[in-house]
Structure formats: C-alpha cells, structure tokens
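A structural walkthrough
Read off the chains here:
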Amino acid sequence: MRALVVVGLLAVTALVFVVIAVVRDTQGTASSAEDCPQGWPVADLRLREQKDVKINVYNGNPDEVGLAGSVADDFRNRKFQVKKVGNAKPVDAVAVLRFGPKGVGSAHLLRAYFLNQAQLAPDLKRTDDTVDVVLGNGFQQLATTTEVNQSLGDLGSPDAPPGTCAGPVR
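In what follows, the accompanying structure is described. Just so it is clear, the model here is predicted, and its values are computed rather than measured.

Our focus in this paragraph is a nonpolar patch on the surface. On the surface, V12, V16 and I20 cluster together into a nonpolar patch covering about 240 Å² of accessible area. With respect to the helices, strands and loops of the structure, V16 is situated in helix 1 (residues 2–23).

Given below as structure tokens:
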C-alpha cells in the first residue's frame, strides 16, 4: 500500500513539473520572419549536410600556389559541392567566409572546418546560398571529422547576421 502512495505522489509531482514547464515555455514567443522589419532579408539558419552545401574556394595566400585546388579537392572528398576554384586578393587570416542570408547555416558549418578561426563576412545583398571560402596566409589544414563535430558543439546554433531576420527552422 505504501508503494502505491509513493508512486502516486511521484506521478503527481511529475505532472506538476510538466505543467510548469509548458506554462513557462519562452520559445512560443521567439522572434520569426513574420516580425521582420520591411526590407530585411530572411537568414536561413538551417545546418545543412555537406552534400547540400555549395562553395567556391579561393586562394588568398600568394605564397602557396595551388592551395585552392588542393583544398577544393579535400572539400569534394568530404562531399561538398565545389562550384569554382580560383585566386583572390591576399587575406591576413586563416580564412574568410563570404555568404548571403541564404548561406548562413552553410557558413556556420564551414566555420567548424576551420575550428572557429575563419572570419565571417556576410553580404546582405547576396541572393544565392553559395559560400565563398577564401583561404588566407594563416591556413594550415581543414579539421578532422572529430574536430569538426567538437567545434560545432562549441559554436552552438547559427545566429542571424545583423540586418537580417532569423528564418523558420524546419
């Protein structure tokens, strides 16, 4: 009989906690694209799989001839869609990721391949979902799969760049 009373009290306590959690839930009032000021682009914050990420790879390190080609091959081996390979103006960083509102989630994923050392360069006027990866003079190598997963955990969820609104995440 005591066991039934204890189990009953535990069930009532659990029910109270569930009701409190539902009532105090703050995600129901989270901002969305519907609250977006007129003219602001909607940022796509979805993390895509590598096979769905389109990139252009550019060499911004004049001392390393052929760097963009070898890194582009490495990205292809990791199932990314490499569209263009070429050279860019010199970059004094590990890498620079240039993207528009539709490429926010993709840039977030790519940032993990540089262990959060890549500079983000959002372009609000850009209309495609392709990310330009400009390799700088600080680039050594892409992260391993384990390092990428750890880096993604450290980075958390992608944020909408200033001047954009967070789009719905499906």
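Anyway, onward from the coordinates.
In this section: unusual backbone geometry. For K79, which is not a glycine, the phi torsion comes out positive at approximately 80 degrees. With respect to the helices and strands, the residue K79 is situated in the loop between helix 2 (67–77) and strand 3 (81–87). Overall, K79 belongs to the exposed group, its relative accessible area being 58%. Residues other than glycine seldom take positive phi values, yet L115 does so here, at roughly 50 degrees. Its relative accessible area of 40% is what places L115 among the partly exposed residues.

Applying the stated criterion across every chain, the model contains 1 disulfide. A sulfur-sulfur distance of 2.0 Å marks the disulfide that ties C36 to C165. When the S-S torsion is 85 degrees, as for the bridge of C36 with C165, the disulfide is right-handed. Of this pair, C36 sits in the loop between helix 1 and strand 1 (42–43) while C165 is found in strand 7 (residues 165–166), placing the two residues 129 residues apart along the sequence. With respect to burial, C36 and C165 carry one shared label: buried.

Quick look at the pattern of salt bridges now. In total, this model carries 8 salt bridges according to the counting rule given. Of the charged contacts, one joins R48 and D44 as a salt bridge, the two residues approaching to 2.6 Å between their closest N and O atoms. The closest approach of N and O atoms between R76 and D73, which form a salt bridge, is 2.8 Å. In this pair, R76 and D73 both sit in helix 2, 3 residues apart, roughly one turn of the helix. Linked by salt bridges that have partners in common, D44, R46 and R48 make up one network.

Turning to the layout of surface pockets, a few remarks are in order. Its volume calculated, the largest pocket comes out at about 190 Å³. What lines the largest pocket is a set of 14 residues, and nearest its centre among them are H108, R111, L120, P158 and D159. For the lining of the largest pocket, the secondary structure elements donating two or more residues are helix 3 (104–113) and strand 5 (119–122). Per-element tally for the lining of the largest pocket: the top contributor is helix 3, with 4 residues. Each residue belonging to the lining of the largest pocket can be placed in one class, and the counts come to 10 nonpolar, 2 polar and 2 charged.

Thresholds applied
Numbering of residues begins from 1 in every chain and follows the order in which that chain's sequence is written. This being a predicted model, a pLDDT of at least 70 is required before a residue's local features are given, and a value of 80 or more before pairs of side-chain atoms are given or counted; all residues contribute to the totals for chains, interfaces and linings. In computing side-chain properties, one takes all heavy atoms of the structure into account and sets aside hydrogens as well as water. Two distance rules govern patches: like charges are joined within 9 Å, and nonpolar side chains (Val, Leu, Ile, Met, Phe, Trp, Tyr) within 5 Å, applied only to residues with over 30% relative accessible area and no salt bridge. Each accessible area is a Shrake-Rupley estimate made with a 1.4 Å probe; only the visible protein chains count as cover when residues are assessed. Salt-bridge detection follows one rule: a side-chain nitrogen of Lys or Arg within 4 Å of a carboxyl oxygen of Asp or Glu. We count a stretch as a helix when DSSP gives it H or I for four or more residues in a row; a strand needs E for two or more, and each element gets its number in order from the N terminus. Burial classes: relative accessible area under 20% of the type maximum marks a residue as buried, over 50% as exposed, and values in between as partly exposed (1.4 Å probe, protein chains only). In this description, the term disulfide denotes a pair of cysteine sulfurs within 2.5 Å. As defined here, a cavity is a set of points on a 1 Å grid over the protein atoms alone where a 1.4 Å probe fits but cannot get out. A pocket is an open set with protein on both sides within 12 Å along at least five of seven lines, and residues line them when an atom is within 4 Å of a point. Grid points are joined across faces, edges and corners, and a volume is the space filled by probe spheres set on the points. Residue polarity is assigned by list, with Asp, Glu, Lys and Arg as charged and Ala, Val, Leu, Ile, Met, Phe, Trp, Tyr, Cys and Pro as nonpolar; anything else, Gly included, falls into the polar class.

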